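Report on the structure
Each chain, letter by letter, is given below.
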Amino acid sequence: MVYSIRMTKHNQFYRGILFALTAGLALDFLLVHQLFNHHHLYDGPSVNIVEPALAVVFIIIAVIALRREFKS
């Protein structure tokens, strides 16, 4: 029983880290890369498709982590 309580606290911690990283990366891709056109992953015409797609994937992961945090 003590083991499950410890794992719950660890899971909450890791979900918080996962949310912070994915939300931060999504904001970075949307604001810095696309809006300010500052630095991109690579040079090429498809970068304007790849980076927003990655931002959407990171937003989905952040939402899943956030939902699991409030569900438990």
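Conventions and cut-offs
- Residues numbered from 1 in each chain as written.
- Predicted model: local features only at pLDDT ≥ 70, side-chain atom pairs only at ≥ 80, totals over all residues.
- Heavy atoms only, no water.
- Helix = DSSP H or I, 4+ residues; strand = E, 2+ residues; numbered from the N terminus.
- Buried < 20%, exposed > 50% of the residue type's maximum accessible area, 1.4 Å probe, protein only.
- Contact = heavy atoms within 4.5 Å.
- Areas by Shrake-Rupley, 256 points an atom, 1.4 Å probe, with all protein chains shown as cover.
- Salt bridge = Lys/Arg side-chain N within 4 Å of Asp/Glu carboxyl O.

Observations concerning the overall build of the chain
Across its full length, the chain carries two helices and zero strands. Residues classed as buried in the chain amount to 15% of the 72 residues present. Pairs at least 24 residues apart make up 52% of the contacts formed inside the chain by residues separated by at least 6 positions. For the chain, the accessible area works out to roughly 5600 Å², and carbon and sulfur atoms hold 71% of it.

As for the pattern of salt bridges
Scanning all chains against the criterion turns up one salt bridge. Between E69 and R15 there is a salt bridge, with the nearest N and O atoms lying 3.3 Å from each other. With a gap of 54 residues between them, E69 in helix 2 (residues 47–71) and R15 in helix 1 (residues 2–35) connect regions that are remote in the sequence. You can call E69 partly exposed: its relative accessible area is 26%.

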